[in-house]
Amino acid sequence: MSTTDERLSSKLELRESKGLLRQLSAESDLIDFCSNDYLGFARSKELMDKVSAELKKELKAGGSTGSRLITGNSQYAEDLEVFLAEYHQAEAGLIFNSGYDANLGLISAIPGRNDTIIHDELVHASVRDGIRLGLTKSYAFKHNDLSHLETQLKRAENAIFVVVESVYSMDGDLAPLKEICFLCKKYKAHLIVDEAHATGVFGMKGEGRVVELDLQSQVFARVHTFGKAIGGHGAVVLGSSNLRDYLMNFARSFVYTTALPKHSLVWIKNAYDTMSKINYKKLITSELQVLFKTKIQQVVSSPSFDVFSPIISINIGDSMRTKSLAKSVQKDGFDVRAILSPTVPMGTERLRICLHTFNSKTEVGQLAELLIKHL
Ligand SMILES: Cc1ncc(COP(=O)(O)O)c(C=O)c1O
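Residues numbered from 1 in each chain as written. Predicted model: local features only at pLDDT ≥ 70, side-chain atom pairs only at ≥ 80, totals over all residues. Heavy atoms only, no water.

From N to C terminus, the protein chain includes 14 helices and twelve strands. Over its C-alpha trace the protein chain gives a radius of gyration of 21 Å, about what one expects of a compact globule, namely 21 Å for 375 residues. Dimensions of the protein chain, computed from the C-alpha atoms along their principal axes, are close to 55 × 55 × 55 Å. Residue burial in the protein chain is summarised as follows: out of 375 residues, 54% are buried. Of the roughly 17500 Å² of accessible surface on the protein chain, 52% is carried by carbon and sulfur atoms. (Helix = DSSP H or I, 4+ residues; strand = E, 2+ residues; numbered from the N terminus. Rg over C-alpha atoms; globule rule 2.2 N^0.38 Å. Buried < 20%, exposed > 50% of the residue type's maximum accessible area, 1.4 Å probe, protein only. Areas by Shrake-Rupley, 256 points an atom, 1.4 Å probe, with all protein chains shown as cover.)

Printed below as a string of structure tokens:
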């Protein structure tokens, strides 16, 4: 074994000994309480049929054949960007291949060398990687802590960029966006909001929390991803036309990659058309969320219980116990997954439960009872 192989093996063994080894698992027949397919679009036969029918007319090549700036662009992609910007009430939008790419490109390209990035300590890895790729200094503020955000704003220099998620992906709680906007205005900071888990869930037509709270004019950039409630793949960065032109020129994760194929774009368009007629909040609030939380609150509490959210996080705080709890629930037919460090900070390992429009009242009730039994 070479020294490199030895190093890789010993790091894997260390992870395994802590119960933190990541492994792939193929799809299961269990009842889905863990995917980000909040609206059930990824499994929707109706949507698949619509997309297939449109592709029969639209599809001229299997792949996009190049980057957007060379041969991978299409009128369809540009029209979709205009549609997305209008839908979310922004001036312009630029599609990226994933939410990861969107955050990476945006965060690494926009702030300059002497500027300051301030981010919530729980922002997604893609934002952190964007910061690592750029040359800008950054400060974290304690999760959803407005007074700590203000402390960090006071020490920031030059142009300031504040980055938050509107719904936190692993905690399921919500950023206090109105108050954050107020502070950003006070300190002339540019606010960037990752709406990955709010897309399709918040707003009358799933436009996200920024539109729901009517804060569009106060936000510098928003990221909406299509791999979650939209059931497909890709993401859009929304902001000014100037921002769009800049990203098209300087965001490396946009410039140096093959564009999304046509079928992804057709999926996104059709999913949005369907989403405009669905209200996740109406479907979930009365039927499922209240039922689940009322029951589970008898044994545990969590900040995600106090707000309306598609994600319910149950903190266990120990990797082995979290894994064994998930396994017990899976044995009874419910797909609930353990979220372990380093995805979440060590000691905050948890069960992350997602409520979908396709989960029945009976299933939700049964899952709550099971969790109560095992917790
Ligand atoms: C908050 C947040 N932002 C960005 C991403 C990345 O999105 P994508 O899966 O489209 O790369 C995720 C995905 O896990 C996320 O949870």
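Counting across every chain of the model gives eleven aromatic pairs. Ring geometry for Phe83 and Tyr272: centres 6.0 Å apart, planes at 80°, overall edge-to-face. Of this pair, Phe83 sits in helix H3 (residues 75-87) while Tyr272 is found in helix H11 (residues 262-275), placing the two residues 189 residues apart along the sequence. Ring centres 5.6 Å apart and planes at 80° place the aromatic pair Phe202 and Phe308 in the edge-to-face group. On the criterion of sequence distance, the pair formed by Phe202 in the loop between strand E6 (189-194) and helix H8 (209-212) and Phe308 in the loop between helix H12 (280-296) and strand E9 (311-315) is long-range, its members being 106 residues apart. Grouping residues by exposure puts Phe202 and Phe308 together as buried. Here a set of aromatic residues connected by ring pairs shows up, and it is made of Tyr38, Phe202, Tyr280 and Phe308. (Phe/Tyr/Trp six-rings, centres within 6.5 Å; stacked < 30°, edge-to-face > 60°.)

What follows covers the site of the ligand. The local shell around the ligand holds 13 residues, among which Gly99, Tyr100, Asp194, His197 and Lys228 are the closest. Between His124 and the ligand, the recorded distance is 3.2 Å, taken from a side-chain N or O atom to an oxygen atom. In the environment of the ligand, an oxygen atom lies 2.7 Å from a nitrogen or oxygen atom belonging to the side chain of His197. Starting from 400 Å² of accessible surface for the ligand in isolation, the protein chains cover 82%. Broken down by element, the shell around the ligand gets its largest block of residues, three residues, from helix H4 (residues 99-109). (Near = heavy atom within 4 Å. Polar contact = N/O pair within 3.5 Å; in protein donor to acceptor, adjacent residues only side chain to side chain.)

Attention now moves to the pattern of salt bridges. Applying the stated rule across the entire model yields twelve salt bridges. Here Arg132 makes a salt bridge to Asp129, at a shortest N to O gap of 3.8 Å. Of this pair, Arg132 and Asp129 both sit in helix H5 (residues 125-133), three residues apart, roughly one helical turn. Assessed through its relative accessible area of 22%, Asp129 is described here as partly exposed. The residue Glu212 makes a salt bridge to Lys281 at a minimum N-O spacing of 2.9 Å. With Glu212 in helix H8 and Lys281 in helix H12, this pair connects stretches of sequence that are 69 residues apart. Look at Glu212 and you get partly exposed, because its relative accessible area is 33%. Taken together, the shared-partner salt bridges connect Arg68, Glu81 and Arg244 into one network. (Salt bridge = Lys/Arg side-chain N within 4 Å of Asp/Glu carboxyl O.)

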